[in-house]
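What follows is the residue order along each chain.
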Amino acid sequence: MTRNEFIIRRLHSLSGLVPVGAYMTVHLLTNASVLDSPATFQRNVNQIHSLGSVLWVVEWLFIFLPLLFHAVLGVVIIRGGLPNVSSYPLSGNVRYSLQRASGMVAFFFIMWHVFHMHGWFHFDGYLKSVAEPLGGAQFKPYNAASSAAQALRSGAVQVLYAIGVLSCVFHLANGIWTMGITWGVWVSPAAQRRANYASIVFGVAMSIVGLGALNGMSRVDVEKARQIEDQIYDSLKGSKTPEELERDQHKRDLHRTADAEHPTAEESPTADLVLPDTVPRR
Amino acid sequence: MTASHQSPADAPRTFDVRVLRQDGPGGASYWERHRVPYEHDMNVISVLQRIAAQSRSVEGDEVAPVAWECCCLEEVCGSCTMLVNGKVRQACTALVDRLLVDEPEGIELRPMGKFPVVRDLVVERQRMFRALEKVRAWIDVDGYYDAGPGPRQSPEDQEVAYPLSQCMSCGCCLEACPQYTKVELTRDPGESDADFQARQDQTYDSAFVGAHAISQAVLFNSHPTGTYNAGKRLDALTQEGGIQICGNAQNCVAVCPKEIPLTTSIAKAGRQTTWHQLKKWFDQ
Ligand code: SF4
Ligand code: SF4
Ligand code: FES
């Protein structure tokens, strides 16, 4: 660890941009496509899920593991420093401290967010008996917008998401700026200033995208979105094998929310789909 | 721009100075208050001289003179660096009239917080010099033979190098750096001088080298003769405690009394180490 400190720190710096930062940018942009329509969002999600059974490998290899590496080493780095903003209240120093604070917030947010939407792991039994009862795994990829909208219904959740998203965006935008210094991309004070403006523009733009996505998601008309999503799913069904259809079940919102205003699967207009018997009926 | 222009018309007859004292290495620190008669155009060094001369605290107790260091009295040696009203700076250019305008309550003096205290305001800055050794902050020209005149340096390069050469190893950049944390070792019972020194050097080498050393490495790498050893300096900068520890808070550049473009040096060293490391990988 100490002998390769330079390489490890550089990898930490790099992993923040690719894949973690790049993934986040794509993620927020994809989510913001819900502002166009739930159908657009659904099609984007379907494209991602067309990876099928290799999706989890991609998720772990290119998102979760780099993210965990970045986070764990980030904690080590935070512990090595001694913030002193009160003695030296300079803008760079404030950003140094904010970078650390936003990193911590972002980490806790992402851990919760991944649990909340995704459940952390995909095993059926675990999802049904652990994740879902604890309020996790609420996102259903084949009912993307409607399930996300339901997960984000509460105001408190929306506030936490807004804080989390803004922390992530700040951490990335400010991180890009410091990364450019670390790697020696922008060297002179003038270049660092220009890069700073660029990172601010990027940060503001991504904040708008992120908050736009959050807002768009929470304003989705759940009923309407669900019908559209089910139609899209039905149109895909023909090309799927029975095993795939079965595997898809936990990726669908089978409309069995306790919420009385929502029709159950049987009453729903698109309830004519045949549920394989292996799917536990709650 | 002399300070007397700024001296308050109703200058006080006396003012108080709070000093954070420590009787010896590793000892407990304690505050002590001194009352000093006001004179025009004092600096913190002349204040410390008055305090030493009277050796009496506000309470009237006779106390040992407060210890401090100074040498050039014109901000070129760096030895008088301390925290004046919480800000790291040279005591010799900290003018009382201006300090009292900002802080009429009096003046607060503390030793630098990132270095072991020897006594009162005197600190041990060996770690800074160890860092300069680590990055080979010199040019290898010593030898038995006349090697002839060295390569010429263009005026443009000189202009870039000169500001970096003004570093006086005062340590302000390190005191303000959130990534530069204090390292203080105490000698084990029975440990010899040499053993202690070796242990201390080793510990210093694994801790952050600091902005001053990074900047000096960049200075000597840019020198037409120094560049022959650029690889060794970059190796040093990528060892444990090297440039990778910098967190880009940019306090160093803000507090450097010599206005050395430290963050430019850090970014340059960042670029040089990036290429150096890649070359090492692909050339091996
Ligand atoms: S770089 Fe500046 S602050 Fe740091 S030691 Fe040199 S003169 Fe002092
Ligand atoms: S830029 Fe680096 S060396 Fe300078 S104060 Fe910040 S962390 Fe320390
Ligand atoms: S005495 Fe030399 S810098 Fe103050």
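Since the structure is predicted, the reported quantities are computational estimates derived from the model, not experimental observations. (Residues numbered from 1 in each chain as written. Chains lettered and ligands numbered in written order. Predicted model: local features only at pLDDT ≥ 70, side-chain atom pairs only at ≥ 80, totals over all residues. Heavy atoms only, no water.)

Student: Looking at this structure, I do not really get the nonpolar core. What am I missing?
Tutor: Within the largest apolar cluster, 45 residues are counted, with the highest numbers of intra-cluster contacts made by Phe208, Ile214 and Leu237 of chain B. Of all the secondary-structure elements, those providing two or more residues to this core are helix H3 (126-134), helix H4 (155-165), helix H5 (172-175), helix H7 (211-222), helix H8 (230-237), helix H9 (251-255) and helix H10 (262-283) of chain B. If you tally residues by element for this core, the top one is H7 of chain B, at 7 residues. Leave out the neighbours within four places in its chain, and Ile214 of chain B touches Phe208, Val209, Leu237, Ile243, Ser265, Ile266 and Ala269 of chain B. Core analysis: the second largest hydrophobic core is formed by 36 residues, Met24, Phe41, Val169 and Val220 of chain A among them. (Core = buried A, V, L, I, M, F, W, Y, C linked by side-chain atoms within 4.5 Å. Buried < 20%, exposed > 50% of the residue type's maximum accessible area, 1.4 Å probe, protein only. Helix = DSSP H or I, 4+ residues; strand = E, 2+ residues; numbered from the N terminus. Contact = heavy atoms within 4.5 Å.)

Student: Would you take a moment to explain the pairing of strand E2 (residues 29-37) of chain B for this structure?
Tutor: Within a regular strand, the side chains alternate between the two sheet faces. Residue and element names in this part refer to chain B. Of the strand pairs in this sheet, strand E1 (residues 14-22) and E2 are connected by 9 bridges, and their pairing is antiparallel. Looking at the pairing, Gln22 lines up with Ser29 of E2. The turn joining E1 and E2, which pair antiparallel and follow one another in sequence, is formed by 6 residues; a positive phi near 75° is taken by Gly26. (Pairing = 2+ DSSP bridges.)

Student: Is there a simple way to think about the packing of aromatic side chains in this case?
Tutor: Within a pair of aromatic rings, the relevant descriptors are the distance that separates the centres and the angle that separates the planes. All names here are of chain A. Scanning the entire structure with this criterion turns up 12 aromatic pairs over all chains. Judged by centre distance (6.3 Å) and plane angle (15°), the ring pair of Trp60 and Phe121 falls under stacked. Of this pair, Trp60 sits in helix H3 (residues 55-80) while Phe121 sits in the loop between helix H4 (91-117) and helix H5 (124-131), and the two are 61 residues apart along the sequence. The structure contains a cluster of three or more aromatic residues connected by ring pairs, namely Trp60, Phe64, Phe121 and Tyr126. The ring of Trp177 has Arg95 sitting right over it, with the charged end atom 4.2 Å from the ring centre. The ring of Tyr96 carries the charged tip of Arg100 above its face, separated from the ring centre by 3.7 Å. (Phe/Tyr/Trp six-rings, centres within 6.5 Å; stacked < 30°, edge-to-face > 60°. Lys NZ or Arg CZ within 6 Å of the ring centre and 35° of its normal.)

Student: Even after reading the chapter, I still don't get helix H1 (residues 44-54) of chain B, so can you show me in this structure?
Tutor: Side chains three or four residues apart in an α-helix point the same way, a direct result of the helix having 3.6 residues per turn. All names here are of chain B. The set of residues buried in H1 consists of Val44, Ile45, Ser46, Val47, Leu48 and Ile51. Elements in contact with the buried residues of H1: E1, E2, strand E3 (81-84), helix H2 (96-102) and strand E5 (107-110). For H1, the capping residue at the N-terminal end is Asn43, with a side-chain oxygen 3.1 Å from the backbone nitrogen of Ile45. Once H1 ends, the next one or two residues include Ser55, with phi positive near 45°. (Polar contact = N/O pair within 3.5 Å; in protein donor to acceptor, adjacent residues only side chain to side chain.)

Student: Would you explain the sheet that holds strand E4 (residues 87-90) of chain B in this entry?
Tutor: Each strand in a sheet pairs with its neighbour through backbone hydrogen bonds, running either in the same direction (parallel) or in the opposite one (antiparallel). Residue and element names in this part refer to chain B. With mixed pairing, the 5 strands of this open sheet are ordered in space as E2-E1-E5-E3-E4. Looking at the sheet topology across the chains shown, the edges are occupied by E2 and E4. Direction aside, the axes of adjacent strands within the sheet are offset by 30° on average. The sheet strands contacting H1 are E1, E2, E3 and E5, and the helix crosses E2 at an angle near 95°. (Axes fitted to C-alpha atoms, helices over the stretch in contact; angles between N-to-C directions.)

Student: Any chance you could explain the site of ligand 1 here in plain terms?
Tutor: Around ligand 1, a shell composed of 14 residues is seen, among which Cys167, Cys170, Gly171, Cys173 and Cys256 of chain B lie nearest. Taken together, the residues that form the shell around ligand 1 break down as 10 nonpolar, 3 polar and 1 charged. (Near = heavy atom within 4 Å. Nonpolar A, V, L, I, M, F, W, Y, C, P; charged D, E, K, R; others polar.)

Student: What exactly am I supposed to notice about the domain arrangement of chain B here?
Tutor: Interfaces are often sized by the amount of accessible area the parts lose when they come together. Residues and elements named next belong to chain B. For chain B, the assigned domains are domain 1 (14-119) and domain 2 (125-283). Three residues stand out in domain 1 for area buried against domain 2, namely Val88, Lys114 and Phe115, and they jointly supply 44% of the buried area on that side. In this structure, the salt-bridge partner of Arg125 is Glu69, at a minimum N-O distance of 3.6 Å. When contributions to the side of domain 1 that touches domain 2 are tallied by element, the ones reaching two or more residues are E3 and E4. It is E4 that contributes the most residues to the side of domain 1 that touches domain 2, 3 residues altogether. Across the side of domain 1 that touches domain 2, the residue classes break down as 8 nonpolar, 6 polar and 4 charged. (Domains from an automatic or database assignment. Buried area = accessible area lost by both parts, 1.4 Å probe. Salt bridge = Lys/Arg side-chain N within 4 Å of Asp/Glu carboxyl O.)

Student: Looking at this structure, how should I read the confidence of the model for chain B?
Tutor: In this model, chain B carries a mean pLDDT of 94, and residues with pLDDT of at least 70 account for 96%. Segment residues 1-5 of chain B is flagged for pLDDT under 50; beyond a separation of four residues in sequence, or across chains, it makes 7 contacts in the model. (pLDDT = per-residue confidence, 0-100.)

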